Amino acid sequence: MFAMMKIKRMLFLFRSVVLASLIVLVTVNSSYAAGKTAVDTVKMTNNAQFLPGKLTITQGNRVVWINTSDLVHTVTCDRQQAIKAKDVALPDNAKAFDSGKLNPGNMYSKEFSTPGIYRYFCIPHEALGMTGEIIVKKKN
Ligand SMILES: [Cu+2]
């Protein structure tokens, strides 16, 4: 009898998990269908890296950088603040951007409305090669 109740409870839990997953899937798909922006995530790590280092997105979409490390990082795409010119690329008609200091656990988010190649760096770790690239493809 006890075993039967345990099985019933497990089945209930299983159904709840399946249902919850389905709700998430439907929500995500309908927001795509409604033409809302998709979001890509870049992590900032303890070994001074942006992960993924290179990302291709579609014009109008958003990138969220998350500082998953114990260090302070920045997301900086500004020639004025770079040590090396090659660490920065910005399409002609796009504005420079800078997250400011991001403490552990903090995030920065940006929507990319101008297509082209963006190369950015982290101010404290530029010399260690902490750079990243976002390629924004034109929306059809
Ligand atoms: Cu950094």
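For the structure, see preceding data.
Worth saying up front: this structure is predicted, and the values here are computed from it rather than measured. Sequence order sets the numbering: in each chain, residues are counted from 1 along the sequence as written. Restriction of local features to residues with pLDDT of at least 70 applies here, the model being predicted, together with a cutoff of 80 or more for giving and counting side-chain atom pairs; totals for whole chains, interfaces and linings are based on all residues.

Quick look at the overall build of the protein
The helix and strand inventory of the protein stands at one helix and nine strands. Secondary structure counts use DSSP, requiring at least four H or I residues in a row for a helix and at least two E residues in a row for a strand, with both numbered from the N terminus. Each helix (α) and strand (β) of the protein, taken in turn from the N terminus, gives the series α-β-β-β-β-β-β-β-β-β. Counting other C-beta atoms within 10 Å of its own, a residue is labelled buried from 20 upward, exposed at 12 or fewer, and partly exposed in the gap between, with every C-beta atom placed from the backbone. Buried positions account for 20% of the 140 residues belonging to the protein. The contact criterion used is a C-beta to C-beta distance within 7 Å, with each C-beta placed from the backbone. For the protein, the proportion of contacts with a sequence separation of at least 24, taken over those separated by at least 6, is 61%.

Some thoughts on the environment of proline 124
In this structure, proline 124 sits in the loop between β8 (116-121) and β9 (131-137). Residues proline 124 and leucine 71, 53 residues apart in the sequence, show an inter-C-alpha distance of 9.5 Å.

A closer look at the pairing of β9
Bridge count for strand β3 (residues 54-58) against β9 is five bridges, and the pairing is parallel. Bridge pairing links lysine 54 to glutamate 133 in β9. Bridge count between β8 and β9: six bridges; the pairing is antiparallel. Opposite arginine 119, over in β9, you have glutamate 133 as the bridge partner. DSSP-based pairing: two strands are paired if at least 2 bridges between them are found.

These values are about where atoms sit, not about what they do.
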